[in-house]
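Given next are the chains, with one letter for each unit.
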Amino acid sequence: MKTKLIRLVFYLSLLIIFGVAAPPRVGAQSAPVIVQPTRVYRFEVSYWDGGHLLTGIYSEGPANNYTFEPAAISAQGYGYLGMYVPPPGYTPDPSSGLVPLHRWTVIQDGWRTYYYYSVYYSNPGSDYHYNGIAGWVFPPGTTQSRFGQPLNQLSVFYSQDLGFWNGDGGIGYGYVEQPPNRPGKRSYVYQGVIAALPPAVRDPQFPPVPDIGIVPSAWDVTFYPPPPPPPPPPSGSCSASLATQNRCAQLGGWWDNEACTCQY
């Protein structure tokens, strides 16, 4: 009996120790977070058919069997180009000047895949499938952050045979990275700049970032969690319009008629 009692006290002590030492549950985050720009990775979908993916999450490229371009999107002067990638649903401090960079997958002719990016949400056409927000960036043409740090432009080129291609710089900004034209394919045509990007101060996949004179904390931006969902209306009282429900589907969700809200 004494042995059992000693053993019980021992196990209770272990539970108390591990309970205090264990980290808090990682569930729905509800507090503001500080986010720094991480590297933008560029992947080639197909050498002969074109298509390029820009992502702040390296694993997305290998998961789709895309080819990584290791020297891609290196900013002039310092570092790689970056963007802010917060937890899902988080939005930046309005004073930061950041805007969402939306992404679409384009399926042309039923099989050729490439990607389209814009800081403006729209419905370009039936071949364009909205993927959500790739990250947070500055509006095109912005040359400095709110604290005076220099920004780099992100250009866009288009080829009827190869789709869209995005690179560093832009006409009128001192430097334009050139796209990879292919023999026998119609060449890329410059279409302007679509966003201004900060330098990456962190590179989760290939640290350290090759920066020159970057002070990481100078690029800190506070992101706030999404507001809690409103309580569901009484059953059968949903009055959402058909347009609202269709927009839910366009954004990658599904309409819960009972809760009268878009679910993801």
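Reference entry: report on the structure contained in this document. As the structure is a prediction and not an experimental result, all values here were calculated from the model.

Focus: the sheet that holds strand 13 (residues 175-176)
Strand order in the open sheet made by the four strands is 13-12-11-14, with antiparallel pairing throughout. Each end of this open sheet is capped by a strand with a single partner; those strands are strand 13 and strand 14 (189-197).

A short note on empty space enclosed by the protein
Summed over the entire model, instances satisfying the criterion amount to one cavity of 30 Å³ or more. Each pocket or cavity is described by its volume, and for the largest cavity that value is around 70 Å³. Around the largest cavity sit Tyr-84, Ser-96, Phe-138, Ser-145, Arg-146, Phe-147, Gln-149, Ala-218, Trp-219, Asp-220 and Val-221, which together line it. Partitioning the lining of the largest cavity into residue classes produces six nonpolar, three polar and two charged.

Describing the state of the cysteines
Applying the stated criterion across every chain yields a total of two disulfides. Across the disulfide from Cys-238 sits Cys-260; the S-S distance is 2.1 Å. Judged by the torsion about the S-S bond (70°), the Cys-238/Cys-260 disulfide is right-handed. Placement of the pair is Cys-238 in the loop between strand 15 (221-224) and helix 3 (242-250) and Cys-260 in the loop between strand 16 (254-256) and strand 17 (261-263), with a sequence separation of 22 residues. Since its relative accessible area comes to 22%, Cys-260 is described here as partly exposed. Covalent S-S linkage joins Cys-248 and Cys-262, the inter-sulfur distance amounting to 2.0 Å. The sign of the S-S torsion, about 80°, decides the handedness of the disulfide formed by Cys-248 and Cys-262: right-handed. Here Cys-248 is found in helix 3, whereas its partner Cys-262 is found in strand 17, with 14 residues between them in sequence. This pair shows no difference in class: Cys-248 is buried, exactly as Cys-262 is. Once the bonded cysteines of the protein are numbered in order along the sequence, the disulfide links fall as 1-3, 2-4.

Rules behind the numbers
Residues numbered from 1 in each chain as written. Predicted model: local features only at pLDDT ≥ 70, side-chain atom pairs only at ≥ 80, totals over all residues. Heavy atoms only, no water. Pairing = 2+ DSSP bridges. Helix = DSSP H or I, 4+ residues; strand = E, 2+ residues; numbered from the N terminus. 1 Å grid on protein atoms, 1.4 Å probe; cavity = no way out; pocket = protein on both sides within 12 Å on 5 of 7 lines; lining within 4 Å. Points joined across faces, edges and corners; volume = space filled by probe spheres on them. Nonpolar A, V, L, I, M, F, W, Y, C, P; charged D, E, K, R; others polar. Disulfide = S-S within 2.5 Å. Buried < 20%, exposed > 50% of the residue type's maximum accessible area, 1.4 Å probe, protein only.

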